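# Working through the structure, step by step
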Amino acid sequence: MITVLANPQRFLAFSRVAAPILGALAAILAAAALWTGWSAPDDYQQGATVRLMFIHVPAAITGMLIYGCLAGSAFFGLVFRHLLADAAARAAAPLGAAVTLLGLITGSFWGRPMWGAWWVWDARLTSYLILFLFFVGYMALQASIDDETKADRASGILAMVGVIMLPIVHYSVLWWNSLHQGETIFAPGGPKASAVYLTPLFLMWAAYSLGFGALWMVRIRGEIWRRRAQALAVQGAR
Amino acid sequence: MNGFGVLLKRELAMAWNRGGGPAVALAFNVCAVTLLPLASGGSLDKLKLLAPGFSWVALALASLLSLERLFERDYEDGALDLLALGPAPLELVAVAKCLAQWVCTGIPLAVFAPIAATALGADLALAPLTFLCALIGGIGFAFVGGVGAAVSLGARAGGVLIAVIVLPLFTPLAIFGGGAIASLAMGLDWRPGLLFLSAYSLLFLALGPFAMAMACRNALS
Amino acid sequence: MIREVRVENLALMRGDRLLFQGLDFSLNAGQAISLVGRNGAGKTSLLRAIAGFLRPWEGAIAFEGETGPLEPEDARSRGLHMAGHQDGLKASRSAETEFLFQARWTGASEAGIAKAREALDLDVLFDLEVRKLSAGQRRRLSLGRLLASQRPLWLLDEPLAPLDVDHRRAFGALMAEHLANGGMILAAVHDPLPIDTDTLDLGGLGGLDQDQDLGEDRA
């Protein structure tokens, strides 16, 4: 499928149909998630605030997913020098940053009633923060290099380094947490993962992912057109 | 490897002068270390807890100082072209540069680190481990920093950009090194932290040069 | 070691711009080619492509040795000198250390170093810091490595521009000697070189004769 879509013309044709469909699906799933989330019972420990989990956890997971997509695109861009791959990586970055930031903010809101503080150096949250910084670094680097091809390659190299380092960073934060016997609020098992919570969680995650897919395609289309317009402008100036 | 030897000698000489060399890095470290007690009201007990960690932060920041010039000067005056056409591959050139950076900045900072920590109130018993962690961590700082510097070649706003790119990658160094020292302070086993620190530094020593060489070739194209 | 450089159907891009396409020529031992063309025609880019810095958009660049084709990486790291616009000299270091580094890095022998020092009259510069040197003196210093280390292919970008008349003549003689020893020169120039060369015009107004015939040996 990837090789089929690698042709920009075919991608444009495909995404013109696929993006709205994904977007509509995402909206439906989000509505379903919100409805099931709203009607789920209160948690005995967290009360009504458990509902924030339905926004926070999927956002955090999607953030990591988007980084994976970014790194994958960057890899194709580096190895095969394919312009569409570069465009895809560039397009994914702001989406990833936004979703990760959403995860951080909702995580903070979710934790506030429990911790009594707006932020706690929990292993997961800290790792998400660093993931957010990776996105920011990637975008900053791309924005600072004037030559676009060079910018794509340099930030691609950074993305590769990041994707190898991110698990290590996460592990180091986990290790640090274990040292301090800190509370892993967001323990691997998560708060009571009963079916009634799983459904809205899963629905919301699906909504985020499909929504990302739709927005990503839209942004890639934008990238393709931007580059074409630029090429035309450069030619016209001669 | 005659070529590598020639290059290393030169890089050592240049690193000694680069960005003011060890003197500026040490001065920065001193300033940072002075700020903490002044800013936190100076209660000895509190400082004692923070001391090892803060001296690590100061170490990390001081390591950033001369990073921007690591590849930039050669890139700007055409020397990087020459380095790319020499007997040693660009990967080894990157190793030479980062090693020189470590020798000229990392080692002096490592020597100073236990002094800084003790000045901030840490136990003298922590000093040897602080030195060792700073020494090994210094390799990590140099090679991680090198990746950041290489990737930012040709970018505007070099110094701050490199910091933004590189600080997240510095986190494990801070965590493992600081964790090892904190473990010792609490009477726990300090070896895991030190081992992880060494592993991370060695990982970047091994893989970093490939990323740096790729980034240099990109900048030269 | 390099006896021939072959460029086949080469097309180069600079950013979004196609500089040229369909470029075919070969450079043989003992041959010198002057690269001419208006600014922006791609002279520097062609030199950098042969040096391996720029990837061809289309086409190929091949190196032939005495016994057969050479690995491009090998050929480039041991068989060519590139002297571009910039000298690669560090301003705050002494001329002597900079020259010695450039020479030794490219594999010069002590005999070669001595020869270069004498031929280009470098000793007078040695005690000075690079920043105290004039443009012509810096150029002389950085060209020194071409003589000190024996590498057959010379890729030159306006090599003689800052030099005065005497040193131009002297270097011209050295270039002729290099060619006589089986070396090759590809030089991007605006003014004629002090030796006989073929010409390659990269499109647009050329500075030298409009001779488009290549492979014509005027040796």
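This write-up is about the structure you can find in this document. This one's a predicted model, so the numbers in the text were calculated from it and none came from an experiment.

This part is about the pattern of salt bridges. Summed over the entire model, instances satisfying the criterion amount to 26 salt bridges over all chains. Here A:Arg90 ties to A:Asp152 by a salt bridge, and the two come within 3.1 Å at their closest N and O atoms. Taken together, the positions of A:Arg90 in helix α4 (residues 83–115) and A:Asp152 in helix α6 (residues 148–179) put the pair 62 residues apart, joining distant regions of the chain. Note on accessibility: A:Arg90 and A:Asp152 belong to one class, buried. Between C:Lys115 and C:Glu177 there is a salt bridge; the shortest N-O distance is 3.9 Å. With C:Lys115 in helix α4 (residues 110–119) and C:Glu177 in helix α6 (residues 165–180), this residue pair connects regions lying 62 residues apart in the sequence. In this structure C:Lys115 comes out as partly exposed when scored by relative accessible area, which is 35%. Connected through shared salt-bridge partners, A:Arg90, A:Glu148, A:Asp152, A:Glu223, A:Arg226 and A:Arg227 make up one network.

A word on the pairing of strand β1 (residues 2–14) of chain C. All names here are of chain C. Note that β1 and strand β4 (residues 58–65) share seven bridges and pair antiparallel. Residue pairing for β4: Glu 4 is matched across the bridge by Glu 64. Taken together, the eight bridges between β1 and strand β2 (residues 17–28) define a ladder with antiparallel strand orientation. When the bridges of β2 are listed, Glu 4 appears paired with Asn 28.

Attention now moves to the interface of chain B and chain A. Chain B puts 32 residues into the contact, and the matching count from chain A is 26 residues. Contact between chain B and chain A buries roughly 2500 Å² in total, counting both sides, with carbon and sulfur atoms accounting for 77%. By the criterion of area lost to chain A, the three top residues of chain B are B:Val151, B:Arg156 and B:Asn218, representing 22% of everything that side buries. Inspection of the region where chain B meets chain A yields one salt bridge. Notably, a salt bridge pairs A:Asp146 with B:Arg156, separated by 3.1 Å at the nearest N-O pair. Listing elements by their share of the side of chain B that touches chain A, those giving two or more residues are α7 (127–151), α8 (158–186) and α9 (191–220) of chain B. At twelve residues, the largest contribution of residues to the side of chain B that touches chain A is made by α8(B).

Attention shifts here to the packing of aromatic side chains. Note on aromatic pairs: each is described by the distance of the centres and the angle between the planes. A complete count under the given rule lists 16 aromatic pairs over all chains for this structure. Considering the side-chain rings of A:Phe202 and A:Trp205, the 5.8 Å spacing of their centres and the 40 degrees angle between planes classify their relative orientation as tilted. With A:Phe202 and A:Trp205 both in helix α7 (residues 195–236), this residue pair falls three residues apart, about one helical turn. Pairing B:Trp56 with B:Phe141 gives two aromatic rings, centres 5.8 Å apart and planes at 55 degrees, and the pair type is tilted. In this pair, B:Trp56 sits in helix α3 (residues 44–64) while B:Phe141 sits in helix α7, placing the two residues 85 residues apart along the sequence. On the basis of relative accessibility, which here comes to 3%, the residue B:Trp56 falls in the buried class. Pairwise contacts between aromatic rings join A:Tyr171, A:Trp175, B:Phe176 and B:Phe196 into one cluster. The residue whose ring lies beneath B:Arg10 is C:Phe101, and the NZ or CZ to ring-centre distance is 4.1 Å.

Note that an α-helix has 3.6 residues per turn; residues three or four places apart therefore point the same way. Residues C:Ala75, C:Arg76, C:Ser77 and C:Gly79 constitute the buried set of helix α2 (residues 72–79) of chain C. The inward-facing, buried residues of α2(C) contact β1, α1 (43–51), β4, β5 (69–70), β6 (80–83) and β7 (153–157) of chain C.

With that settled, consider the packing of helix α2 (residues 21–40) of chain B against helix α6 (residues 90–119) of chain B. Residues and elements named next belong to chain B. Close contact between α2 and α6 brings their axes to 9 Å; oriented N to C, the two are set at 25 degrees. The orientation of α2 with respect to α6, classified from their angle, is roughly parallel. Judged by the sense of rotation from one axis to the other, the crossing of α2 with α6 is right-handed. Contacts between α2 and α6 pair Pro 22, Ala 25, Leu 26, Asn 29, Val 30 and Val 33 from the former with Cys 104, Thr 105, Pro 108, Leu 109, Phe 112 and Ala 116 from the latter. For the contact of α2 with α6, a count of residues per class yields ten nonpolar, two polar and no charged.

Residues and elements named next belong to chain C. Taken in spatial order, the five strands of this open sheet run β6-β7-β8-β3-β9, and their pairing is parallel. Only two strands of the sheet have a single neighbouring strand rather than two, namely β6 and β9 (198–201). On average, adjacent strands in this sheet sit at an angle of 15 degrees to one another, irrespective of strand direction. Taken together, the four bridges between β6 and β7 define a ladder with parallel strand orientation.

About the criteria used
- Residues numbered from 1 in each chain as written.
- Chains lettered and ligands numbered in written order.
- Predicted model: local features only at pLDDT ≥ 70, side-chain atom pairs only at ≥ 80, totals over all residues.
- Heavy atoms only, no water.
- Salt bridge = Lys/Arg side-chain N within 4 Å of Asp/Glu carboxyl O.
- Helix = DSSP H or I, 4+ residues; strand = E, 2+ residues; numbered from the N terminus.
- Buried < 20%, exposed > 50% of the residue type's maximum accessible area, 1.4 Å probe, protein only.
- Pairing = 2+ DSSP bridges.
- Contact = heavy atoms within 4.5 Å.
- Buried area = accessible area lost by both parts, 1.4 Å probe.
- Phe/Tyr/Trp six-rings, centres within 6.5 Å; stacked < 30°, edge-to-face > 60°.
- Lys NZ or Arg CZ within 6 Å of the ring centre and 35° of its normal.
- Axes fitted to C-alpha atoms, helices over the stretch in contact; angles between N-to-C directions.
- Parallel < 35°, antiparallel > 145°, perpendicular 65-115°, else oblique.
- Left-handed = near helix turned anticlockwise from the far one by under 90°.
- Nonpolar A, V, L, I, M, F, W, Y, C, P; charged D, E, K, R; others polar.

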